[in-house]
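# Descriptive analysis of the structure
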Amino acid sequence: MIRLLSASLYRLKKSAAFWSCLIGMLVIASVFMVMQATSMEYTVPLSRVIFLPLSFYGVAAAAMVSVFTGRDFADGFIRNKLIFSKSRSQVVLSQLVTSCIACGLVYSVTVLYTFGTARFFFENNRKSGISMSDCILFFSDSDKKRSLIKSVQKTKNCFFFQLHILCHTLSN
């Protein structure tokens, strides 16, 4: 299983579908940031801009996974995987894990690029949102966690972060 996964990850690293999806998402993020910066007469908050390019993420991820998986069949590499593995479930699982890693990388790089670039051009209104450093410190500092939970309860923003805090609080 580990060998199949390492072979799939090596193919992912060399895959044109992965790199074109990643570069395409970064271009889309840049275009959306330029559109937001030039077309609005008012200042746009950073929290609105960070996740805007991810409206195309589902389409890009679906295309990338389809092309990457389809290349195994087109190249005949799936035959070698089936011969090498002990069961078909190992092949499917390694392909699934590789696809999840690829999608996670594209998502993470896009969000970090958007956050890193947009913070110079857009207003970071601390009263209406949560910064990326708050999200990182949430997992490391318990005092910061308590104050962050209070600030989230006050602002009623960032629904998924509130949901994560609620689930994390209930599990502890």
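I will try to describe carefully the structure that is included in this document. Remember, predicted model here, so these are calculated numbers, not experimental data.

Contact geometry for helix H2 (residues 16–39) and helix H6 (residues 88–118): axes closest at 10 Å, N-to-C directions at 30°. With respect to H6, the axis of H2 lies roughly parallel. Considering only the axes of H2 and H6, their crossing is right-handed. For the pair H2 and H6, the contacting residues are Phe18, Cys21, Leu22, Met25, Leu26, Ala29, Ser30 and Met33 in the first and Ala102, Leu105, Val106, Val109, Thr110, Tyr113, Thr114, Thr117 and Ala118 in the second. Considering only residue class, the contact of H2 with H6 consists of 13 nonpolar, 4 polar and no charged.

Mapped onto the elements of the fold, Ser15 is located in the loop between helix H1 (2–14) and H2. Given a relative accessible area of 10%, Ser15 falls into the buried group. Here the side chain of Ser15 touches Ala17 through a polar contact of 3.2 Å, landing on its backbone nitrogen.

This part takes up the packing of aromatic side chains. Scanning the entire structure with this criterion turns up 3 aromatic pairs. With 5.1 Å between their ring centres and 70° between their planes, Phe18 and Trp19 make a pair best called edge-to-face. In this structure Phe18 comes out as buried when scored by relative accessible area, which is 6%. According to the relative accessible area criterion, Trp19 is partly exposed, its value standing at 39%. Here the aromatic rings of Phe32 and Phe56 are separated by 5.7 Å at their centres, their planes lie at 20°, and the arrangement is stacked.

This paragraph deals with the nonpolar core. Ranked by size, the top nonpolar core spans 23 residues in total, and within it Met25, Tyr57, Met64, Val106 and Phe122 carry the most contacts. Sorting the residues of this core by element identifies H2, helix H3 (46–50), helix H4 (57–75) and H6 as the ones contributing at least two each. Looking at which element gives the most residues to this core, the answer is H6, with 6 residues. Setting aside its immediate chain neighbours within four residues, Phe122 contacts Met33, Gln36, Ala37, Val44, Leu46 and Val49.

Parameters and conventions
- Residues numbered from 1 in each chain as written.
- Predicted model: local features only at pLDDT ≥ 70, side-chain atom pairs only at ≥ 80, totals over all residues.
- Heavy atoms only, no water.
- Axes fitted to C-alpha atoms, helices over the stretch in contact; angles between N-to-C directions.
- Helix = DSSP H or I, 4+ residues; strand = E, 2+ residues; numbered from the N terminus.
- Parallel < 35°, antiparallel > 145°, perpendicular 65-115°, else oblique.
- Left-handed = near helix turned anticlockwise from the far one by under 90°.
- Contact = heavy atoms within 4.5 Å.
- Nonpolar A, V, L, I, M, F, W, Y, C, P; charged D, E, K, R; others polar.
- Buried < 20%, exposed > 50% of the residue type's maximum accessible area, 1.4 Å probe, protein only.
- Polar contact = N/O pair within 3.5 Å; in protein donor to acceptor, adjacent residues only side chain to side chain.
- Phe/Tyr/Trp six-rings, centres within 6.5 Å; stacked < 30°, edge-to-face > 60°.
- Core = buried A, V, L, I, M, F, W, Y, C linked by side-chain atoms within 4.5 Å.

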